[in-house]
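# Examination of the molecular architecture
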Amino acid sequence: MFTVNESLRLVYGGYGAGPDAPGLSLPQAELNQVLHNVALGHGLAVQAIRAHARSGTKVGPAENIVVCIPAIETAANIRAAEIATRELNAGYLTLMLEGKYTDGFLAYAGKNAPKYPAEDLSIISSPVDFVGLNVYTPNHYVAAADNASGFALMPFPAAFPKMDSNWLKIGPEAMYWAPRHVAKLWGVKSIYITENGTSAKDDPAADGNVYDVDRIMYLRNYLTHLQRATSEGIPVLGYFLWSLMDNFEWSDGYEKRFGLYRVDFNTQVRTPKLSASFYREIIERNAVV
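Residues numbered from 1 in each chain as written. Predicted model: local features only at pLDDT ≥ 70, side-chain atom pairs only at ≥ 80, totals over all residues. Heavy atoms only, no water.

## Describing the pairing of strand β7 (residues 191–195)
- Within β7, four of the five residues are buried, leaving the element largely enclosed by the surrounding structure.
- Across four bridges, the pairing between strand β4 (residues 131–134) and β7 is parallel. Each residue of the ladder has a partner; that of Leu133, found in β7, is Ile193.
- Relative to strand β8 (residues 236–239), β7 runs parallel, the two being bridged by three bridges. The partner of Ile191 across the bridge, within β8, is Val236.
- The parallel pair β7 and β8 is bridged by helix α8 (residues 213–231), and the resulting crossover is right-handed. (Buried < 20%, exposed > 50% of the residue type's maximum accessible area, 1.4 Å probe, protein only. Helix = DSSP H or I, 4+ residues; strand = E, 2+ residues; numbered from the N terminus. Pairing = 2+ DSSP bridges. Right-handed = clockwise from strand over helix to strand, strands pointing away.)

## Let's talk about the packing of aromatic side chains
- Inspection of the entire model under this criterion finds 14 aromatic pairs.
- Seen in terms of ring centroids, Tyr239 and Tyr279 are 6.5 Å apart; in terms of plane orientation they differ by 45°. Their pairing is tilted. Taken together, the residues Tyr239 in strand β8 and Tyr279 in helix α9 (residues 274–285) connect sequence positions 40 residues apart.
- The buried category is assigned to Tyr279, whose relative accessible area is 16%.
- Among the aromatic residues, those joined into a cluster by ring pairs are Phe2, Phe130 and Tyr192.
- Looking at Arg9, its charged tip hangs above the ring of Trp250, at a distance of 4.4 Å from the centre. (Phe/Tyr/Trp six-rings, centres within 6.5 Å; stacked < 30°, edge-to-face > 60°. Lys NZ or Arg CZ within 6 Å of the ring centre and 35° of its normal.)

Function cannot be read off these values alone, since they describe shape.
Set out below in C-alpha cells:
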C-alpha cells in the first residue's frame, strides 16, 4: 500500500506555486510546515496500516524525488550527485528514511524551518517495506564543486529536448540514477518504479491509428536505463507505466495524453496506440515462464 503519492508535487503544486488544488501560494514558513505535516501524515499512515491491515501487507511512499545526475560519470561527480540527492530531497524522502532534517535544510530554512514536537520525527521515520519512485525527467545535472555544499547544479540549455509537456525534459539516465541513489544513500532493498511515461500529441492519422513513435522512443530509452540498473543489482522489483489510458492529468485536465490507449473523451471509445503494441512486445519478451 502507498501512503502518500508525490509529496513534492502535492505541497509545491498545491500550496507553493499554486497551479494545483487548493491553489495556494503560502509564505515559506507555512509551506515548510505543510511539507512537514505531509511527511507526518505518511508516518501516521504507515503506523495505521501496520496496526489494521491484513498480515503481510507491504507499505511505503511513492515519491517524485528530485533526480540528480552526474553531468559526467566521474567518481567526484557521482559523489556530488549523491550529496545533492540527499539535500534536495531533505524535506520529505530524506526525512522519511533518516528521521531527521539535514543540517543543510535547516540552514537554508532558517527562521522558516517547520515547528514540531520531537516525537514527530520517530513517527515520520516509521520503517517502510519499499520505496516507490515516480521517474519522468532529470531535475538537475550535477558536478563536483569546491563550495560548502560540495556540488554545483548545471543549468538546462534552452535547446534541451523535451516531450509534449514543457516540464518533461528527456533524460533517460534518470531511470538509472534515481533508484541507484536511493539504494546507495539509504540502503533501500525494495524499490518500485511507481510511475514512468510521457505525454504526446496522439492525434489520430487518416487511417484512425495513433502512431506515437515519440512515446515509444521515450519508453525504449528509459527502459534501457532501468535494465542497466537491475543488471547492476539495484533492487528495482517492479515497474508501473503511466498510464494505460488517457486520463485527467492534475491541472492539465484532459489536454495532455499519457496513455497507451487513446480515449475519446466525448464517446469514451478507446483506441490502442502504437505504443500499446510496443509495450505488449516488451512484456511478452520478458515474461517469466
